[in-house]
Every structure is written in structure tokens, then in C-alpha cells.
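Breakdown of the fold
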Number of protein chains: 2
Amino acid sequence: VRVAVLGAGRVGAAIARDLATSFQVLACDASAAPLESLSADGIATRQADLVRGGDLEEICGGVDIVVAAVPGHLGFSVAERVLRCSRPLVDISFFPEEPFALDRIARDHGVVAAVDCGVAPGTSHVLAGYASTLFERFDRYRCLVGGLPWIRHKPFEYSAPFSPADVIEEYVRPARSIRGGKVVTVAALSEVELVDLPGVGALEAFATDGLRSLLHLPMAPEMEEKTLRWPGHADLMRVFRDLGLFDEMPLELPSGIRVAPRELVAKLLFAAWTPQPGAPELTVMRVEAEGLLDGQKTRVTWDLLDQPSPELGTSSMARTTGYTCTAVVDLVARGILQGEGLVLPEHIGLLPGGWASIAAYLAARGITVTETRQPV
Amino acid sequence: VRVAVLGAGRVGAAIARDLATSFQVLACDASAAPLESLSADGIATRQADLVRGGDLEEICGGVDIVVAAVPGHLGFSVAERVLRCSRPLVDISFFPEEPFALDRIARDHGVVAAVDCGVAPGTSHVLAGYASTLFERFDRYRCLVGGLPWIRHKPFEYSAPFSPADVIEEYVRPARSIRGGKVVTVAALSEVELVDLPGVGALEAFATDGLRSLLHLPMAPEMEEKTLRWPGHADLMRVFRDLGLFDEMPLELPSGIRVAPRELVAKLLFAAWTPQPGAPELTVMRVEAEGLLDGQKTRVTWDLLDQPSPELGTSSMARTTGYTCTAVVDLVARGILQGEGLVLPEHIGLLPGGWASIAAYLAARGITVTETRQPV
């Protein structure tokens, strides 16, 4: 099986390396630099303009499956073009557009389009789907998730595994959740609570807009996703946001300069949030599902804690995000994920053995998810 | 006695109104607006360009004493020009230049130049001078001072009685103090401690560069000034400063715009820190002096708490700052402060009865300073 990986950033490179252990991989990127170390490891590479010209179509012509790990703003159009080449797509670009329009295109071309195949959304949504097969009645779903540095430096106690601009967007965009079966919206960074997690300690969880596709077909009447940080981060980010430092609307200064505060602050935060090379970091996710299980009201909790040694060279965020994606590629390659049209990760959770396959794939790469059940 | 008050801002207007109860006052300002309400109260006013042309000299020609309550960056040159007109000067502009060069000019023109006549520097320095007359051996001086809103709004719990740019400057400029008889420098906003003051409650005190002239002729081997705020303010301001938001050096943004972060942040903080009209505020100052008094190691504490009712119309900062200044004008007008050359407020404290005069003048305006002595 031949797989093209479009985008060789931190996550794309981790995906290419992992897939290369089982498949014939072609790693593609607009820049030569990120391809060099992949090439040195014996992976076929191609510098390609994925936006203009016919490079993308040419690449699709030579492979059986395509992984899209491109920047979010390119994601949707890359996905469309891959599907129009009649190639199955596994997407991890987290594009901002709704994915539903891809369903028709994928069906018309007789292929699957699996999107949002990361850790959250991704593994989190697989668990939502799995939970709904587990319970006689599914009452409540919540996901707490974050990527964090192990060494906490004041004042932010945070380093960004991706662009600060995307993190700021998370702190600004109103957070949607399902309450009483309806979509409700609260301010991002609100509803802060402390959560004590095994092997990690006290973290804070706050509202962010992470449910994505789960908002459209709620599986339970209560569903929410919250972001995890070391305690104190949300209050500080709220000061920045409420003062106007995250505003995108340009402000006219006394000197006559017009500047968008967010552009300035993102630049300063980029310097403050860039992880030190080799700095140990971790990915933490807890998914809680409550419902009726064998007639007994039960809470099932899945805890994922990934804390790789820095020597591995691949960041925890790249591992957890990338390996969920490659687990889905594996399902497609082995013919387990068949059919046509849009596939959301919650659909994979609904498949018999779907979650078990993903969990086994992650476990083989050292990412373990522990499940606990308790009556409530 | 005829007195010109140059500058009719918040402090200048309070000064003009107070002096008008005893003297013939001419209030001058570059703008017409602040003069209107003074004029309505029967005070003579004159719109004047104090920077260009001969307006300033013409004004000086018609009065006996001049008060300079102009913005700090104009202060030194206005002071020089007033002295060259051979008019006694009482200055409250807090110019950034060292005042010592004014001594020669004042002597050459046979007049006094009293500078830094506010609350701190001002009353604080008078007390330093007074303390040095009190003790057989003066060991330690410290002044804690701040202007605060009574109603604390998150996150800053602060409103600026003067321009946020000046407040930011206080948070950035290294703080000098005297330790073991030598000038030492620490970062502003450092050495945070909690101080519980009667009638106010817990405040935080942190290092700022407030000793000014006391640094040049230290009266005690240990001298420091700290700024008071509601607790938590310093940590937050440290985040802003350390991230680079208070930098004056322009930063180039991805869009090609070059902007000084401080200019942007000062604009946003101006909106956040402007007091609501009529919002109750207070001025708090504690001066502590330790030394040998009648052979016994003693701490003398002076507590100033000014908390005017909003109906008075004059802010607490304007009252405490302005009335120290008018107390000094009163000493000049009554011939008690005589001679030629530079007069610092600590010199007034050294005069027999100097502090008692200032204290009585303030008390008559409802600003009381309580003195307590205790062995240590």
C-alpha cells in the first residue's frame, strides 16, 4: 500500500515516520527543509506546491491513500482536491470549515473522507461513539484535554505545540456545548474548575470550543469539551482578552499607526511560548461518559497520559495527534474502514471493534488509555 | 500676594481653588476648557502658550509667586524660565531631570525654587527631614504610598489618577534605594510584601523609583520608597512588562507594521484605568522612621489616609498632592520660607516648625497625618 503524507510539519513528519514502518510512504511539503531529515531516514520525499499547479493531483495519481497534514486554512481545499482524485483521505489539518460538504464529493468519487483524526478531536470523538454503543442510555459526555510542558515557567506555565495564533483563537471563540439536548454558548476561558489527574496533579479545565462535529448530532443530552492547563493560565489569558490584547480589529494609536493588538501579542507570545528544544512535555486527556450500563448508572472514564522521553525526538502532541491519524490510515489500508463518504471519528467508535483497534494501535506506540468504571 | 498657577489640570485646578481662598490667583493653561470652571468660580484665568512666545514671562511679571503644575516633560524648562524672571517658584510638575542645576539660577536671581512639593515626593520628604531632626541617630526611613480606587474591579484593581504612561514608566524604571549607606538598584515591581493599614486593610507594597533627591544626600543608611496597590497588581504588571508589552522599542510585525508595544498597551490601559466619574478613591501613605530617640531605639510611624467624599469634586490624589504644594506656597507668602536657591521638601522638614506648619495646613483641609511612636 502506498500512502502520500501532505505536509511535513511536526505532526506530518511523525505520521510519515510511523507509516513508513508498514507502508510505502511519500512525504510532501512546500519547503525542502522539513523533508531533509525524513529523506535521511530513507523515506521518499517530494517538494511540491500543494496550492497551485497540478502537483497535488500528480501525487494522488501515484498512491492508494492520502493523509492531509497541512495548515488548517489550506485543509478544506486540499481535502476536496484529494477526493476529486478518487483517493481515500485521512485528514488532520483541522480546517475551520464544516466537513459535511465533503460527504457528497467523497460519495461521488467512491472513497472515504475521514476527517478530524487527531487526539481531540479524534480519539476523544472515537470514545464518544464507543460510549454510545456501551450504554443503554447515554446521559453525559465530557472531554478534558491539553498539551503541557512538564517544567512550569512563570507566568504562563505553557508552551505552544502549535502556533500561538491558533491558541489565542481558542481563547477568544465562544465555546459551544450541549446542555439539556440543546447547543448553548459560553465565553471561552470561563467555567474554570480544578481537576486532579493521576500522574499529573492539579490542572485547571476551562471552556473552549472543541466539540466540533459532536454538536451536530449530539449523542447525549449533556456534552462538553474543556481545555486543560496548569492552574492560573485561564485567569491570565482572560486579562489579556478582556483588555483587548487579543482583538483583531486594528486600533489607531496616538502616533497614527493602526495595529491589530492580536498581531503584536501573538508575536510576543510566540517568543514566550516556544518550547525549549528537548523540553519534556505531556499530553493529557480524560474522557468521562455517564449513562445506564446493565441497568446501573455508571461513569466510565478513559485517561490518556502521554509523556515521552525527550530522546524520542517526537513531541507528545505530535505523537498523540499523529498516531491517532495513522491508526485510521491502518484501518483504511486493512480494509476495515470501507465504504464511501464522510467518516467522522465518532463513526469509528460506533464500528464493532473500532475503539479496540485504535487503542491497540496507540498502545503499541506507548500511548496507553486506561478505562475505569464506577457506579454513580 | 498675587500667585500664578501654571497648568490647570486636576492638580493645578485644586491648587488654584485652594490658594484663591487666601491670595489673588491667576490660573493659566494652554487649553480654554480646564479654565472655564475656575473662571465660573471667580478665579482670574488666562489662556497662555507656556512653551513658545513670551506669555510665561508676561505672566511672571504680574505676580509675586509662581506655582508650576505643568506636565512633567515641560517642568524643567518652565522652572528655569520662571526663575530667570526672578519669581519664587513652587513646583509640582515632577520633571524627570535632576533639580540641582536650578540652585545656581535661583541664587543668581535671588529667589527660592521649591521643587517636588507633592505628597510623595513632597510630604514624604518633609517627614524624612523632620525625622532627622528628631533622632540622635537616624537608622532607617521608608515610605509606602499609593493612590487607589475604593471599589476594586478585576483584574487591575487600580485606576490611574494620572496618565497610564507615567504609571507604566514607574513599573519599568529600576528602583533605587539606600542600603548600608549606598545606592542599590532593584527591578521595579520586585520585593512585594503585604502591609495591613488601619482603615484600609491589606495592600501590597513593591519597589519603585521614588526616593529622588533623598538618594543624593542620604539622611539614614537604609532608605526606601515603595508603591502601594491592592494585592496582586504587581504580579500582573510584571507579566505585562516581562512579556515586552511595556517596551518602547518598536517591534516589526509580520504585516510589516512597526509599533512600540507600550504605545498600544498604554492606550488599552487608559480605557481600563480611567476612574468612573465620582468613583470614591483614596490616598494612603505610611512613612516609617527608625533611630535612637532619647537613648531608646524607636520607630516613628506617620499614617496619612485621605478618603474624600466624591461630592467634594476634587480627587484625593489632587487634594493630597495639591495641598502640600499650597502649604509650601503659604510658607513662601508668609515669609517663613526665605532665602535663595533650591529648596527640597526635606529642607522644609529640617526647618524648626516646618513639619508642624505643613501638618497644620493639611489638617485644616481634612488631611490628617497620625504619628505613633513605639520602642523597637
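Here's a quick rundown of the structure. A quick note: this is a predicted structure, and the numbers were derived from the prediction, not measured.

Of regular secondary structure, chain A possesses 12 helices and 18 strands. Looking at chain A residue by residue over its 376 residues, the buried ones come to 54%. Put simply, of all contacts in chain A between residues at least 6 apart along the chain, 66% involve residues at least 24 apart. Looking at chain A as shown, the accessible area adds up to about 15000 Å², and 53% of this sits on carbon and sulfur atoms. Between the mean site of the 34 positive side-chain charges and the mean site of the 47 negative ones, chain A shows a separation of 2 Å.

The set of residues buried in helix H12 (residues 354-363) of chain B consists of Gly354, Trp355, Ile358, Tyr361 and Leu362 of chain B. Buried residues along H12 of chain B cover an arc of 130 degrees about the axis, so they all sit on one side.

Where charged atoms of side chains with opposite charge meet at close range, the side chains can pair. All names here are of chain A. Summed over the entire model, instances satisfying the criterion amount to 69 salt bridges over all chains. Here Arg173 and Glu169 are joined by a salt bridge, their closest N and O atoms 4.0 Å apart. Judged by its relative accessible area of 34%, Arg173 falls in the partly exposed class.

Attention now goes to the sheet that holds strand S3 (residues 44-47) of chain B. Residue and element names in this part refer to chain B. Across the sheet, which stays open at both edges, the 7 strands sit in the order S3-S2-S1-S4-S5-S6-S17 with parallel pairing between neighbours. Because the sheet does not close on itself, it has two edges, and the strands there are S3 and strand S17 (341-343). For this sheet, the mean inter-axis angle between neighbouring strands, taken without regard to orientation, is 20 degrees. In this structure, strand S4 (residues 65-68) lies alongside strand S5 (residues 89-91), joined through 3 bridges in parallel fashion. Residue pairing across strands places Val66 opposite Leu89, the latter belonging to S5. Packed on one face of the sheet, helix H1 (residues 10-19) meets strand S1 (2-6), strand S2 (24-29) and S4 and runs near 170 degrees to S1.

So, about the nonpolar core. Ranked by internal contacts, the top residues of the largest apolar core, which has 63 residues, are Leu19, Val67, Val90, Tyr141, Trp302 and Ile358 of chain B. Tallying contributions element by element places helix H10 (residues 316-333) of chain B first for this core, with 8 residues. Setting aside anything within four residues of it in sequence, one finds Tyr141 of chain B in contact with Ser124, His125, Ala128, Leu211, Leu214, Ala220, Glu222, Met223, Glu224, Val287 and Glu288 of chain B. Residues Leu35, Val67, Val287 and Val329 of chain A belong to the second largest nonpolar core, which totals 62 residues.

All names here are of chain A. Ordered by their spatial adjacency, 7 strands build an open sheet running S3-S2-S1-S4-S5-S6-S17, and the pairing between neighbours is parallel. Of all the strands in the sheet, the pair left with one neighbour each is strand S3 (44-47) and strand S17 (341-343). The average angle at which neighbouring strand axes cross in this sheet is 20 degrees, direction not considered. With respect to the sheet, helix H4 (residues 72-84) is in contact with strand S1 (2-6), strand S4 (65-68), strand S5 (89-91) and strand S6 (112-114), its orientation differing from that of S5 by roughly 170 degrees. Helix H10 (residues 316-333) contacts S1, S4, S5 and S6 of the sheet and is inclined by roughly 165 degrees relative to S4.

For the pair chain B and chain A, the superposition axis carries a translation of 0.1 Å, the fit reaches an RMSD of 0.1 Å, and the rotation angle comes to 180 degrees. Look at the turn and shift together and you get a two-fold axis relating the two. The fraction of interface residues of chain B whose copies in chain A are also interface residues reaches 100%, indicating that both copies meet through the same surface.

Turning next to the packing of aromatic side chains. Evaluated as defined, the whole model comprises 19 aromatic pairs over all chains. Seen from their ring centres, Phe156 of chain A and Phe240 of chain A are 6.1 Å apart, and the 75 degrees between their planes marks the pair as edge-to-face. Of this pair, Phe156 of chain A sits in the loop between strand S7 (137-149) and helix H7 (164-172) while Phe240 of chain A sits in helix H8 (residues 233-243), and the two are 84 residues apart along the sequence. A relative accessible area of 6% means that Phe156 of chain A is categorised as buried. Consider the rings of Phe240 of chain B and Phe246 of chain B, whose centres lie 6.1 Å apart with planes at 40 degrees: the pair is tilted.

Our focus in this paragraph is the interface of chain B and chain A. Listed by partner, the interface residues are 24 residues for chain B and 24 residues for chain A. Buried surface at the junction of chain B and chain A, summed over both partners, amounts to about 2100 Å²; 83% is from carbon and sulfur atoms. Scanning the region where chain B abuts chain A turns up 0 salt bridges. Breaking the side of chain B that touches chain A down by element, the ones donating at least two residues are helix H8 (233-243), strand S13 (251-252), strand S14 (258-259) and helix H9 (261-273) of chain B.

Below, the discussion takes up the side chain of Asp139 of chain A. Residue and element names in this part refer to chain A. Among the structural elements, Asp139 can be located in strand S7. In this structure the side chain of Asp139 is engaged in a polar contact, spanning 2.8 Å, whose partner is the side chain of Lys297. Those residues in contact with Asp139 that lie beyond four places of it in its chain are Ala220, Pro221, Glu222, Glu290, Gly291, Leu292 and Lys297.

Moving on, we get to the packing of H1 of chain B against H10 of chain B. All names here are of chain B. Packing of H1 against H10 leaves a shortest axis separation of 8 Å and a crossing angle of 45 degrees. Considering the angle they form, H1 stands oblique to H10. For the pair H1 and H10, the sense of crossing is right-handed. Only Ala318, Thr321, Gly322, Tyr323, Cys325, Thr326 and Val329 of H10 make contact with H1, whose side of the interface consists of Arg10, Val11, Ala14, Ile15, Asp18 and Leu19. Split into classes, the residues belonging to the contact of H1 with H10 amount to 8 nonpolar, 3 polar and 2 charged.

Reading the values: the criteria
- Residues numbered from 1 in each chain as written.
- Chains lettered and ligands numbered in written order.
- Predicted model: local features only at pLDDT ≥ 70, side-chain atom pairs only at ≥ 80, totals over all residues.
- Heavy atoms only, no water.
- Helix = DSSP H or I, 4+ residues; strand = E, 2+ residues; numbered from the N terminus.
- Buried < 20%, exposed > 50% of the residue type's maximum accessible area, 1.4 Å probe, protein only.
- Contact = heavy atoms within 4.5 Å.
- Areas by Shrake-Rupley, 256 points an atom, 1.4 Å probe, with all protein chains shown as cover.
- Lys, Arg positive; Asp, Glu negative; His and termini not counted.
- Charge placed at Lys NZ, Arg CZ, Asp CG, Glu CD.
- Arc of directions from axis to C-beta.
- Salt bridge = Lys/Arg side-chain N within 4 Å of Asp/Glu carboxyl O.
- Pairing = 2+ DSSP bridges.
- Axes fitted to C-alpha atoms, helices over the stretch in contact; angles between N-to-C directions.
- Core = buried A, V, L, I, M, F, W, Y, C linked by side-chain atoms within 4.5 Å.
- Least-squares fit on C-alpha atoms with pLDDT ≥ 70 in both.
- Phe/Tyr/Trp six-rings, centres within 6.5 Å; stacked < 30°, edge-to-face > 60°.
- Buried area = accessible area lost by both parts, 1.4 Å probe.
- Polar contact = N/O pair within 3.5 Å; in protein donor to acceptor, adjacent residues only side chain to side chain.
- Parallel < 35°, antiparallel > 145°, perpendicular 65-115°, else oblique.
- Left-handed = near helix turned anticlockwise from the far one by under 90°.
- Nonpolar A, V, L, I, M, F, W, Y, C, P; charged D, E, K, R; others polar.

None of this, on its own, says anything about what the molecule does.
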